[in-house]
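Chain and residue survey
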Amino acid sequence: MQSNTRWNNNLAFLLAATGSAVGLGNIWGFPYKAGENGGGLFVLLYIFFVILLGLPVFMAEVAIGKIGKKDPVSAMINTAEKTNSTKNWRVVGYLGILSNLFIGGYYAVIAGLVINYGFISASGFIGKDPTVIYDTEISSFLEMTFWFLLFLALTGFVLARGIEKGIESSMRILMPTLFFLIILMVGYGAYRGDMSAALSYLFSWKAEQFSAATMQAAIGQAFFSLSIGMGTLMAFGYYMPKEQKVPGASSIVVTADTSVALLAGLAIFPLVFAFPFLDPNAGTELVFKTMSTAFAELGAIGQFVGPLFYLLLAVAALSSMISILEPSVLWVQERMPTTRTRATFIVIAICIILCLISVSGFNVLKDFKVGSLENPFEMMKYIADDFLLLLGGTGISAFVGWRLSKIIDLEKLGFKSKLLFSAWIFILRWVSPLFLMVIWVLGNLERIFFIKFF
Ligand code: PFF
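The present account deals with the structure reproduced in this document. (Residues numbered from 1 in each chain as written. Predicted model: local features only at pLDDT ≥ 70, side-chain atom pairs only at ≥ 80, totals over all residues. Heavy atoms only, no water.)

**Quick look at the overall build of the chain**
Counted only if it meets this: Runs of H or I in DSSP of at least four residues are treated as helices and runs of E of at least two as strands, each being numbered from the N terminus. In this setup the radius of gyration rests on C-alpha atoms only. A globule is expected at 2.2 Å times the number of residues raised to 0.38. Burial classification: accessible surface area is computed with a 1.4 Å probe over protein chains only, and a residue below 20% of its type maximum counts as buried, one above 50% as exposed, and the rest as partly exposed. Contact definition: two residues touch when any of their heavy atoms are within 4.5 Å. Only the protein chains shown count as cover for residues, and the accessible areas themselves come from Shrake-Rupley with a 1.4 Å probe. Charge assignment: positive for Lys and Arg, negative for Asp and Glu; neither His nor the chain ends contribute. Lys charges are placed at NZ, Arg charges at CZ, Asp charges at CG and Glu charges at CD.
When you go through the chain residue by residue, the secondary structure sums to 18 helices and zero strands. For the chain, the C-alpha radius of gyration of 21 Å lies close to 22 Å, the compact-globule estimate for 454 residues. In terms of overall dimensions, the chain has a C-alpha envelope of 65 × 50 × 40 Å along the principal axes. Put simply, the chain has 454 residues, and 62% of those count as buried. Considering only contacts in the chain between residues 6 or more positions apart, those separated by 24 or more positions represent 82%. Just so you have it, the chain exposes about 17200 Å², and 69% of that area is on carbon and sulfur atoms. Separation between the mean location of the 31 positive side-chain charges and that of the 27 negative ones in the chain comes to 12 Å.

Spelled out as structure tokens, the structure:
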């Protein structure tokens with residue numbers, strides 16, 4: 001991605017953006033957040049927000065990149081200048097960089113755990129208690145640190161070398177394989193687990209669960225899963241071929257990403273309801289315990305499928321992590337200015353510090369609470385997903401809706417109908433900024449100060 005040439009085929013954008021979007025957020029994040037928020041209402045709100053806010057803001061972020069520059073701060077300054085707007089819009093770019101680092105500061109920790117599970121699964125889960133395995137693995141600060149450092153070393157290696165070709169070719173094989181494996185797991189869930197309990201848990205409307213925090217969690221998950229709000233999509237938009245259509249390409253990525261999340265839910269929850277010791281509300285450990293139970297059940301086959309699953313998940317996490325840190329690397333490189341390798345070192349070093357804080361939330365500081373946030377890991381996640389991403393998303397939406405729309409050529413962006421274009425701008429101007437801000441304020445008051453409005 002560091003070369004100045006734009007990607008020369010339409011597939012490159014689709015692969016890179018899907019590689020960024022599909023990651024831990026779909027397979028680890030979505031099921032556990034659905035479980036923590038009681039299933040049905042959260043899932044339906046998530047789908048609703050993906051369509052109502054996710055897709056429009058996704059397209060807005062890509063549009064900024066396509067018209068602007070590659071790092072988020074320069075892209076915002078550049079597009080602000082083009083629209084005669086104040087340069088202060090660059091705050092949106094800085095917010096993106098900050099989100100990059102905070103997300104990176106916990107994402108690598110979970111990815112490290114995935115690699116660790118890959119190795120454990122190779123020796124088999126048979127006869128082992130999934131709870132004991134999980135508790136043992138997270139109890140050691142040093143061991144968790146080792147795994148996330150390994151993951152960050154891989155990330156740094158790819159980032160420093162430039163990722164354009166490597167990512168593209170591996171995505172061609174990886175994405176379909178991951179998709180296929182998840183579908184197999186859904187099949188296994190249907191055969192071995194309780195699919196009807198899972199379906200009714202995931203897709204039934206439970207009005208009593210309605211709260212600002214649930215709405216905030218659903219929007220935060222939609223944005224996180226689609227990689228919105230932090231400049232990654234601006235960088236991808238910048239590399240997009242001129243003739244590629246933003247609405248069409250964005251819709252494909254959004255559909256693929258949401259399908260993987262829903263399929264992950266359909267693979268995991270039938271098993272959760274079939275084994276009494278698994279609890280849907282288990283939080284971040286849900287996927288690890290559920291999948292290890294499933295692989296243990298599969299016996300010898302599990303010893304083969306298990307490592308494959310964790311390997312694919314680790315690679316999906318790697319392609320997402322690269323895209324998480326890419327905007328910060330571009331920015332440091334531009335700002336200093338310095339070489340790409342040095343910029344990568346700086347960003348990875350900051351990320352390591354934040355990851356150390358996150359790891360402490362699993363062991364040494366696991367009882368350190370702030371409001372309803374249970375430990376430093378939860379705090380890092382909260383600051384990134386629920387706090388910063390929604391702010392960034394609001395800024396992007398308002399900027400494109402109110403400023404950039406004035407100079408946008410709808411045909412160049414690829415809108416076929418004027419009506420659709422007007423609907424898009426209307427959502428960006430009115431619906432998403434207002435909605436996001438109300439939910440952001442109410443959700444934060446509820447999460448941090450326990451003040452409940454509805
Ligand atoms: N969308 C990724 C996932 O679901 O795992 C995470 C992510 C990647 C978030 C890139 C934000 C981002 F810019």
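**A closer look at empty space enclosed by the protein**
Rule in force here: Put plainly, a pocket is an open set of points on a 1 Å grid over the protein atoms alone with protein on both sides within 12 Å along at least five of seven lines, a cavity is a set where a 1.4 Å probe fits but cannot get out, and a lining residue has an atom within 4 Å of a point. Grid points are joined across faces, edges and corners, and a volume is the space filled by probe spheres set on the points. Here the nonpolar group is Ala, Val, Leu, Ile, Met, Phe, Trp, Tyr, Cys and Pro; Asp, Glu, Lys and Arg are the charged ones; every other residue, Gly included, is treated as polar.
Applying the stated criterion across every chain, the model contains five cavities of 30 Å³ or more. Counted as a void, the largest cavity has a volume near 120 Å³. Taken together, 19 residues form the lining of the largest cavity, with Ser-20, Phe-224, Ser-227, Ser-320 and Ile-324 sitting closest to its centre. Contributions of two or more residues to the lining of the largest cavity are made by α1 (10-21), α2 (24-36), α5 (90-122), α10 (212-225) and α14 (300-335). For the lining of the largest cavity, the class distribution of residues is 11 nonpolar, eight polar and no charged.

**A word on the site of the ligand**
Test applied: A cutoff of 4 Å decides nearness: a residue is near a molecule or strand if any of its heavy atoms lies inside that distance of it. We define a polar contact as two N or O atoms separated by no more than 3.5 Å, with the added condition that, inside protein, one atom must be a possible hydrogen donor and the other a possible acceptor, whereas residues neighbouring each other in sequence contribute only through side-chain atom pairs. For this analysis, a molecule is said to be in a pocket or cavity if more than half of its atoms are within 2 Å of the grid points defining it.
Taken together, 15 residues are adjacent to the ligand, and Ala-21, Gly-25, Tyr-107, Phe-224 and Thr-232 come closest. Between the ligand and Tyr-107 there is a distance of 2.5 Å, counted from an oxygen atom to a side-chain nitrogen or oxygen. Separating a nitrogen atom of the ligand from a backbone N or O atom of Ser-225 is a distance of 3.0 Å. Bound to the protein, the ligand loses 100% of the 340 Å² it would expose on its own. Because more than half of its atoms lie within 2 Å of the grid, the ligand is assigned to the largest cavity.

**Description of the packing of helix α13 (residues 286-297) against α14**
Put simply, the rule is: To define axes, lines are fitted to C-alpha atoms, for helices over the stretch in contact only, and angles between the resulting N-to-C directions are given on a 0 to 180 degree scale. Orientation categories follow fixed angle ranges, with anything under 35 degrees roughly parallel, anything over 145 roughly antiparallel, 65 to 115 roughly perpendicular, and all other angles oblique.
The geometry of α13 relative to α14 is characterised by a closest axis approach of 9 Å and an angle of 150 degrees between their N-to-C directions. Comparing their axes, α14 and α13 come out roughly antiparallel. Seen from α13, the contacting residues are Phe-288, Met-291, Ser-292 and Phe-295; seen from α14, they are Gly-302, Val-305, Gly-306, Phe-309 and Tyr-310. In terms of residue class, the contact of α13 with α14 is built from six nonpolar, three polar and no charged.

**Details of the packing of aromatic side chains**
Which entries qualify depends on this criterion: Any Phe, Tyr or Trp ring, taking Trp's six-membered ring, that has another such ring centre within 6.5 Å forms a pair; planes under 30 degrees apart are called stacked, those over 60 apart edge-to-face, and the others tilted. Remark: a charge is flagged as sitting over a ring if the NZ atom of Lys or the CZ atom of Arg is within 6 Å of the ring centre and within 35 degrees of the ring normal.
A full pass over the atoms with the stated rule returns 31 aromatic pairs. Taking the centre distance of 5.8 Å and the plane angle of 90 degrees together, the rings of Tyr-106 and Phe-377 count as edge-to-face. Within this pair, whereas Tyr-106 is found in helix α5, its partner Phe-377 is found in helix α16 (residues 376-403), the two being separated by 271 residues in sequence. Here the aromatic cluster, defined as three or more aromatic residues joined through ring pairs, consists of Trp-28, Tyr-32, Tyr-106, Tyr-107, Phe-224, Phe-362 and Phe-377. The ring of Phe-224 has Lys-33 lying over it, and the distance from NZ or CZ to the ring centre is 5.9 Å.

**Observations regarding the layout of surface pockets**
The calculated volume of the largest pocket comes to roughly 840 Å³. Along the walls of the largest pocket sit 32 residues, with Glu-36, Ser-372, Glu-374, Glu-378 and Arg-447 positioned nearest its centre. Mapped onto the lining of the largest pocket, the elements with two or more residues apiece are α2, α6 (130-139), α10, α16 and α18 (418-449). Sorting elements by how many residues they give to the lining of the largest pocket places α16 first, with six residues. Looking at the second largest pocket, its volume works out to about 290 Å³. As for the second largest pocket, its lining consists of 17 residues, of which Leu-55, Met-59, Pro-247, Phe-415 and Leu-420 are closest to the centre. Mapped by element, the contributors of at least two residues to the lining of the second largest pocket are α3 (40-67), α12 (246-274) and α18. When residues in the lining of the second largest pocket are grouped by element, the largest group, five residues, is from α3. For the lining of the second largest pocket, the residue count by class is 11 nonpolar, four polar and two charged.

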